[in-house]
Amino acid sequence: MATTSTTGSTLLQPLSNAVQLPIDQVNFVVCQLFALLAAVWFRTYLRSSKTSSFIRHVVATLLGLYLALFCFGWYALHFLVQSGISYCIMIIIGVENMHKYCFVFALGYLTVCQITRVYIFDYGQYSADFSGPMMIITQKITSLAYEIHDGMFRKDEELTSSQRGLAVRRMPSLLEYLSYNCNFMGILAGPLCSYRDYITFIEGRAHPRAPPGAAGKEDLPGDRAEPSPNVAVIQKLFVCGLSLFFHLTISKTLPVEYNIDEHFQATASWPTKVVYLYISLLAARPKYYFAWTLADAINNAAGFGFRGYDENGTARWDLISNLRIQQIEMSTSFKMFLDNWNIQTALWLKRVCYERASLSPTIQTFILSAIWHGVYPGYYLTFLTGVLMTLAARAMRNNFRPYFLEPPQLKLLYDVLTWVVTQVAISYTVVPFVLLSVKPSFMFYSSWYYCLHVAGILVLLLLPVKKTQRGKTTHENVPLSPSEKCEDRGNSLGQNSFSTTNNVCNQNQEIASRHSSLKQ
């Protein structure tokens, strides 16, 4: 019987007992399914063409706070406290320095909550918890603070094209601020979105009239059609169903903890250890696929997430998508994997840290990522290892890849080899992230004799590292964000379109970046 305690509602305890899952997880899934239905209702009956922005903000906020209360009980007050104090900081401090104070306060408040949850209440409990939504709210608070600072204090010529396109030119009202942070579509699982895109969606300025290439026809004011998200939502729900099935069946039979089982370590051959490491970490991913894809489907069902039309005239609903499963599983480089995993968090790391860091941006970005994820020691071991792996993988790719591009057979061999190495390296790196604690993490690494750590250090010592400029990137004039269409951003968000195939590692497109030009 699932008897895990919860601070949220116990109304679904009988269902929790029936499916043998913790009540927190059952509450989360049911609330997300409720949010999906609410999103369909929101888009159908509160569409922007016949409902004021004020009403849409109020409804989205109240529904979000209700879901938070149902899942987390009085702990949901942390969401309002963190948002409320951050808003006061913005108003009182002013646009010149508020981004610094908001960043320190929001991240500090999140860290304090994570410390109390982990070390005082429930160390190692990996079910739904109130710090999860706070992680998303922290991203939104800090992103918006920087965007307001860029839009209301800094000069346009001081901004990058990405910063210029995301800059906010007026202070949000309290209602707009709470709606952005706590709306029902994203309060439980995100994903992060830019403030301008969210406001554009609420105000109904997000939909171009027709796909490009319509025989010289131009978009005319008032001549717009809202594309239907139904196909995209159904496809994503299908992915959710498969992911949930794999998580409930296969994932539990292949625990990551078995990698440090004494009998397994003593008796398994090295090929067996490598294969099981890969398979066990592969089996750990479906729960993330389920949660992030469902969150994306909820936003799409409400009408949020439309990016534009592709070259075939098909509507694209991936503006705030958080992952690309096919690219993740077929990654042939460390960077390609990370470019397609937790995409919106990577955009946040790039915007608030990597682009603005004056010293060692890669290391600072990994440290921020570890702090934001939580206070389990395993997180820090993973991200510190990730720094080494990222730098070593970049050095290897820059030095060897040009020799394997021709002929096609040689390129295929290179792709196969790099796929194997990438999947093993990723699995090796993230084991502490799953194990959480120091002792089991070092047990695993010592059982592997720290071989990939040693290899990474040798690569950096022996191979020349190509220095590139962070400020350079490639832009494509592709209609992406809905707010680009409506606010004449033009090409300013060119950096924010996603990369799935172009993974040549220049410094601006490294670990914190998930948004280089789309190659169809």
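An unreviewed UniProt entry lists the protein under the name Membrane bound O-acyltransferase domain containing 2, with Neovison vison as the source organism.

Assigned secondary structure in the protein consists of 22 helices and two strands. Put simply, the protein has 520 residues, and 56% of those count as buried. Within the protein, contacts between residues separated by at least 24 positions form 70% of all contacts whose residues are at least 6 apart in sequence. Just so you have it, the protein exposes about 22,600 Å², and 66% of that area is on carbon and sulfur atoms.

Turning our eyes to something else, we now look at a nonpolar patch on the surface. A cluster of nonpolar side chains, contributed by Val 438, Phe 442, Tyr 450, Val 454, Ile 457, Leu 458, Leu 461 and Leu 462, occupies part of the molecular surface with about 750 Å² of accessible area. Put simply, the parts of the chain that give the nonpolar patch at least two residues each are helix H20 (438-447) and helix H21 (451-462). No other element matches H21, which puts five residues into the nonpolar patch.

Let us now look at the packing of helix H2 (residues 23-45) against helix H3 (residues 53-72). Look at H2 against H3: their axes get within 9 Å of each other, and the N-to-C directions meet at 165°. With respect to H3, the axis of H2 lies roughly antiparallel. When the axes of H2 and H3 are compared, the crossing they make is right-handed. Residues Asp 24, Asn 27, Phe 28, Cys 31, Phe 34, Ala 35, Ala 38, Trp 41 and Phe 42 of H2 lie in contact with H3, whose contacting residues are Arg 56, Val 59, Ala 60, Leu 63, Leu 67, Phe 70 and Cys 71. Along the lines of polarity and charge, the residues of the contact of H2 with H3 split into 13 nonpolar, one polar and two charged.

What follows is about unusual backbone geometry. Of the consecutive residues Gly 190 and Pro 191, the connecting peptide bond is found in the cis state with omega at 0°. Within the fold, Pro 191 resides in the loop between helix H8 (174-182) and helix H9 (195-203). Of note in this structure, Leu 436 is not a glycine but carries a positive phi near 75°. Turning to its location among the elements, Leu 436 is positioned in the loop between helix H19 (408-435) and H20.

Our focus in this paragraph is the packing of aromatic side chains. Inspection of every chain in the model, using the stated rule, returns 40 aromatic pairs. Between Tyr 258 and Tyr 276, the ring centres sit 5.4 Å apart and the planes meet at 75°, which makes this aromatic pair edge-to-face. One end of the pair, Tyr 258, is in the loop between helix H10 (230-249) and helix H11 (262-267); the other, Tyr 276, is in helix H12 (residues 270-283), with 18 residues separating them in the sequence. For Tyr 258, a relative accessible area of 34% translates into the label partly exposed. We classify Tyr 276 as buried; its relative accessible area is 13%. Their ring planes at 50° and their centres at 6.3 Å tell us that Phe 366 and Phe 383 sit as a pair that is tilted. With Phe 366 in helix H17 (residues 361-373) and Phe 383 in helix H18 (residues 377-400), this pair connects stretches of sequence that are 17 residues apart. Grouping aromatic residues by their ring pairs yields a cluster made of Phe 42, Tyr 180, Phe 184, Tyr 195, Tyr 198, Phe 201 and Phe 304. If you follow Arg 56 out to its NZ or CZ, it ends over the ring of Phe 201, 5.0 Å from the centre. Above the ring of Trp 270, the side-chain terminus of Lys 273 is found at 5.0 Å from the ring centroid.

The next thing to look at is the environment of Ile 91. Examined against the element boundaries, Ile 91 turns out to sit in helix H4 (residues 77-93). Owing to a relative accessible area of 48%, Ile 91 belongs among the partly exposed residues under this scheme. Considering only alpha carbons, one finds Ile 91 and Pro 172, 81 residues apart in sequence, at a separation of 10.0 Å.

The rules behind the values
- Residues numbered from 1 in each chain as written.
- Predicted model: local features only at pLDDT ≥ 70, side-chain atom pairs only at ≥ 80, totals over all residues.
- Heavy atoms only, no water.
- Helix = DSSP H or I, 4+ residues; strand = E, 2+ residues; numbered from the N terminus.
- Buried < 20%, exposed > 50% of the residue type's maximum accessible area, 1.4 Å probe, protein only.
- Contact = heavy atoms within 4.5 Å.
- Areas by Shrake-Rupley, 256 points an atom, 1.4 Å probe, with all protein chains shown as cover.
- Patch = residues over 30% accessible without salt bridge, like charges linked within 9 Å, V, L, I, M, F, W, Y side chains within 5 Å.
- Salt bridge = Lys/Arg side-chain N within 4 Å of Asp/Glu carboxyl O.
- Axes fitted to C-alpha atoms, helices over the stretch in contact; angles between N-to-C directions.
- Parallel < 35°, antiparallel > 145°, perpendicular 65-115°, else oblique.
- Left-handed = near helix turned anticlockwise from the far one by under 90°.
- Nonpolar A, V, L, I, M, F, W, Y, C, P; charged D, E, K, R; others polar.
- Phe/Tyr/Trp six-rings, centres within 6.5 Å; stacked < 30°, edge-to-face > 60°.
- Lys NZ or Arg CZ within 6 Å of the ring centre and 35° of its normal.

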